[in-house]
Amino acid sequence: MTTSMRQSTLETLGLGSVTDIFRKGKLPVDAGDMVDRVFGAPGQRGSLVISGANGIVGSGKMMQLTARLEPFGVRSISLSRARTADGIGPQYPGLVQALGKERADRVMGNIIRMTYDGTTLPTDLKQWQPRVLLEAIPEILAIKKAHYKVFRETFPGIEIRSVTSGFPSAELGVGVLHPAFPHETNKVWETVEETPSDVTRLLWALGLIPVPVSDDWSFVLDVLFCGLILAGLRYHRVSNMPFWKIDKYIRKFVGPNPFRALDAIGSRGANFLTRSCLHHLSEKYGALFRPTPELDERQQTDQSWYPPNHFRPVVNWRMNDQESDEFLDWIQGPLFQMTSLILHEQRGHLAHVNAIGEACAQFRQGILAVIRSVGADAAIKRVEAFHRLAPEAGTRCWYPAVFEQLNSPEWQQLYVNAEHDEAVGVITLSRETYNSDVDIELNRAIDWLKAEGIANVIVTGDFHLSTQMVGADTSELFCALDDEAEGRRVSETWSRTARRLNDEFAVSVGFVNGKRCLGASLELLMHCHTLVAVENAILGMPEVTLPVVPGMEGCHWPFRKANRTQWPKLVRLLLDGVPVKAKDAVGWLIDYSGPMAESLDRVWSLATTGGATGVSMRPLDEGMLKDIPVDVGLAASDNPLTVSARKAIMASIRSSCGVPLSEAFGIQARHQAGFTVTSCCRKGSIGTDHAKTMLV
């Protein structure tokens, strides 16, 4: 039996626990098997049809799905009205950039384009035996229902899913696969169905991220994102602040640029969909969601929200503290209230609701994490302040009682979960970037496992929301750009957590199960006694390219685990920033790499017995390391930021390796913090992002 801190998000897909994956030595479903179940066996393969495939949603999902289904012999049918402009062809350059020309040509060659009159299906469609229809036609309910009717009459038993922007499944009469923008690259799909289907599990098996949500208007993503747009519009009406300036402040306090996003998506379609979502929400929930006249107008005129750059004045005026607080009343207030509705209606697993805000709406911090950080009382006060500014919004859909559960495991473990079978514990991280929230939750997970009497632990991604682990959330270093003490605090705090994986368990095994593990994520996992990675994973330390000095012991810990003959490889990894394939890192950076099934077996053997066939464990040298190589054959750089970063990283390597492990902790933190306050770091990507984001 598996005991967990909170329900794993994997279980919401009917895929069992993460512990089950390791115990059984295989993933819960296989892509090939799921293709057989959904599209038929080889020789009898049916096809995927995307209707409205020339639109921005249809064409984007055509690229994403065809690239994954083409190797299995599933043909993709693009079905569009003859009058629509080609949406498939313009996707080709991006496909070449992502996959290479040869692979891109195969993907494009797998797409069969058909046109129809909107009511009668092409006769030739039958020869391709459609098994799944993904509908992406205009958001007009009567047209959608007629579309489903003709498909069901022609192809009885076909699986139909709608990419609807907001209509519930109960209104449509079909299941929902609502994708997040940008449609070519974003892997998240909100799914609505009675129970997890083979179609949903196929998406997971193909490396996409299906997220079950309840069957309510606009689900989760569009309540949050359209709600944020509406909040910005309300502030515009009372302040007359231009939309581009409102965007700057929303980016500072929340994360996204909602009005620029509408223009980037295409103001004509995006304005229509946003207004449609808010209109239907207001029909059910009242004034909290009522569109403003500006949105009504732009739905008719297709006008963009941003003026051309040459018409945009340079405005140096900044808000004072009181004005900033009122701005947050207008922005956070309705967002917190809308979140109370989402929680009251139980629209999704709390980790899902939080992740949707980050992965899809570009919130810097998930909405539940924000509420958790400010506290229930402060969140309620913020909503009450919004109600004083907009009294009509407070008459309905306000459920402050939901915040009383803030101390529950579901609220407290939004990013990190832990489970165990009484012998082995498994800690899973579901956020692709490491931040202070993850750090705090990881410590709680470690504490919980120790309280449960667990001495052996596996640390890995969650096999669902986190398909990769790409290092630190660089916004965490904004506070350190002008305050060296803050830099040391972040470095020492995170390093102290990482050391717990080495110091407080009898056996700890890190496992890279996704496509890449970089920077702080790799530094965290290398603190485990043994580190295993699937063979196609990419590992790297890209800090020099930012530039920043690694601050989670990456400048000395891997050297203490490697034979001195391998030290030049580590120096190159740190000073060049070029990643390596996992299979090429065995023996000097990780301990084992292989196919998924073999890697799962090795991890479980290591966690249960402390050893495994084919794995040579590397001991940790806690003494002083001498003669770290300096000249490792790196090509000279003509970038002054890279030159300075290499010098600083090399100084950190030599200083932290040249002392016992007990002293290295503080030394490496001082080097990281000392470099972060330099002009070199401020001129790099972190400093540039800080200036662009925070200095409004």
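See the structure above.
A brief look at the structure comes next. (Residues numbered from 1 in each chain as written. Predicted model: local features only at pLDDT ≥ 70, side-chain atom pairs only at ≥ 80, totals over all residues. Heavy atoms only, no water.)

So, about the overall build of the chain. Helix and strand counts for the chain stand at 28 helices and 20 strands. With respect to the three principal axes, the spread of C-alpha positions in the chain is 75 × 65 × 55 Å. A total of 696 residues make up the chain; the buried ones form 59% of that total. In the chain, once contacts between residues fewer than 6 apart in sequence are set aside, the share between residues at least 24 apart is 74%. Here the chain displays about 27,200 Å² of accessible surface, and carbon together with sulfur accounts for 50% of that area. A distance of 4 Å separates the average location of the 72 positive side-chain charges in the chain from that of its 78 negative side-chain charges. (Helix = DSSP H or I, 4+ residues; strand = E, 2+ residues; numbered from the N terminus. Buried < 20%, exposed > 50% of the residue type's maximum accessible area, 1.4 Å probe, protein only. Contact = heavy atoms within 4.5 Å. Areas by Shrake-Rupley, 256 points an atom, 1.4 Å probe, with all protein chains shown as cover. Lys, Arg positive; Asp, Glu negative; His and termini not counted. Charge placed at Lys NZ, Arg CZ, Asp CG, Glu CD.)

Let's shift gears to the side chain of Asn-435. Mapped onto the secondary structure, Asn-435 falls in the loop between strand S12 (433-434) and helix H19 (436-451). For Asn-435, a relative accessible area of 3% puts it in the buried group. Polar contacts involving the side chain of Asn-435 include one to the main-chain amide nitrogen of Asp-437, which spans 3.1 Å. Asn-435 has contacts with Asp-473, Glu-476 and Trp-494, leaving out every residue within four places of it along the chain. (Polar contact = N/O pair within 3.5 Å; in protein donor to acceptor, adjacent residues only side chain to side chain.)

So, about the environment of Thr-497. Residue placement: Thr-497 occurs in helix H20 (residues 484-503). What makes Thr-497 buried here is its relative accessible area of 2%. Each C-alpha atom, one on Thr-497 and one on Gly-614, is 29 Å from the other, the two residues being 117 residues apart in sequence. Leaving out residues up to four positions away in the same chain, Thr-497 has contacts with Tyr-434, Asp-439, Leu-442, Asn-443 and Ile-446. Side-chain polar atoms of Thr-497 contact the side chain of Asn-443, separated by 2.8 Å.

Moving on, we come to the environment of Thr-474. With respect to the helices and strands, the residue Thr-474 is situated in the loop between strand S14 (471-472) and H20. Here the alpha-carbon distance between Thr-474 and Ser-685, two residues 211 residues apart in the chain, equals 9.1 Å. Other than its neighbours up to four places away in sequence, Thr-474 contacts Leu-546 and Ile-686.

With respect to the secondary-structure elements, Ser-80 resides in strand S3 (residues 76-81). Looking at Ser-80, its side chain comes within polar contact range of the main-chain nitrogen of Ala-53, at 3.4 Å. Side-chain polar atoms of Ser-80 contact the backbone nitrogen of Asn-54, separated by 3.2 Å. With residues near it in sequence (within four places) discarded, Ser-80 still touches Gly-52, Ala-53, Asn-54, Met-114, Thr-115 and Tyr-116.

Glancing now at the sheet that holds strand S18 (residues 538-540). Reading across from one edge, S16-S18-S19 is the order of the three strands in this open sheet, with mixed pairing throughout. Only two strands of the sheet have a single neighbouring strand rather than two, namely strand S16 (516-518) and strand S19 (580-581). Sheet topology places S18 next to S19; two bridges connect them, and they run antiparallel. From the neighbouring strand, Leu-539 faces S19, where its bridge partner is Val-580. (Pairing = 2+ DSSP bridges.)

A word on the packing of aromatic side chains. If you walk through the whole model with that rule in mind, you get 16 aromatic pairs. Measuring from centroid to centroid gives 5.8 Å for Phe-22 and Phe-511, while their planes differ by 70°, and the two rings are edge-to-face. Here Phe-22 is found in helix H1 (residues 18-24), whereas its partner Phe-511 is found in strand S15 (residues 507-512), with 489 residues between them in sequence. Between the aromatic rings of Phe-253 and Phe-327, the centroid separation amounts to 5.9 Å while the plane-to-plane angle is 40°, which identifies the pairing as tilted. In this pair, Phe-253 is assigned in helix H10 (residues 243-253) and Phe-327 in helix H14 (residues 321-344), connecting sequence segments 74 residues apart. A residue is classified by how much of its surface remains accessible, and Phe-253, at 26% relative accessible area, is partly exposed. Its relative accessible area of 0% is what places Phe-327 among the buried residues. Put simply, the rings of Tyr-235, Tyr-249, Phe-253 and Phe-327 pair up and form one aromatic cluster. The lysine or arginine in question, Arg-298, covers the ring of Trp-305, its NZ or CZ lying 4.3 Å from the ring centre. (Phe/Tyr/Trp six-rings, centres within 6.5 Å; stacked < 30°, edge-to-face > 60°. Lys NZ or Arg CZ within 6 Å of the ring centre and 35° of its normal.)

What follows deals with empty space enclosed by the protein. With a probe scaled to a water molecule rolled over the atoms, the places where space remains empty come into view. Inspection of every chain in the model, using the stated rule, returns five cavities of 30 Å³ or more. Of the voids in this model, the largest cavity is the one considered here, and its volume is about 120 Å³. If you go around the largest cavity, you meet 14 residues; those closest to its centre are Leu-48, Leu-65, Val-132, Val-199 and Leu-203. Contributions of two or more residues to the lining of the largest cavity are made by helix H2 (31-39), helix H3 (56-69), strand S5 (130-135) and helix H8 (198-205). Looking at the lining of the largest cavity, its residues break down into 13 nonpolar, no polar and one charged. In this structure, the second largest cavity spans a volume of roughly 50 Å³. Around the second largest cavity, the lining residues are Arg-6, Ser-8, Thr-9, Asn-417, Thr-428, Ser-430 and Asp-462. (1 Å grid on protein atoms, 1.4 Å probe; cavity = no way out; pocket = protein on both sides within 12 Å on 5 of 7 lines; lining within 4 Å. Points joined across faces, edges and corners; volume = space filled by probe spheres on them. Nonpolar A, V, L, I, M, F, W, Y, C, P; charged D, E, K, R; others polar.)

Our focus in this paragraph is the pairing of strand S11 (residues 424-429). Most of S11 sits out of view: six of its six residues are buried. With burial as the criterion, each face of S11 is covered, one bearing Val-424, Val-426 and Thr-428 and the other bearing Gly-425, Ile-427 and Leu-429. As paired elements, strand S10 (residues 416-420) and S11 share five bridges and run antiparallel to each other. For Val-416, the partnering residue across the bridge sits in S11 and is Leu-429. When S11 meets strand S13 (residues 456-461), the two strands line up parallel, connected through six bridges. Residue pairing in the sheet places Gly-425 in a bridge with Val-457 of S13.

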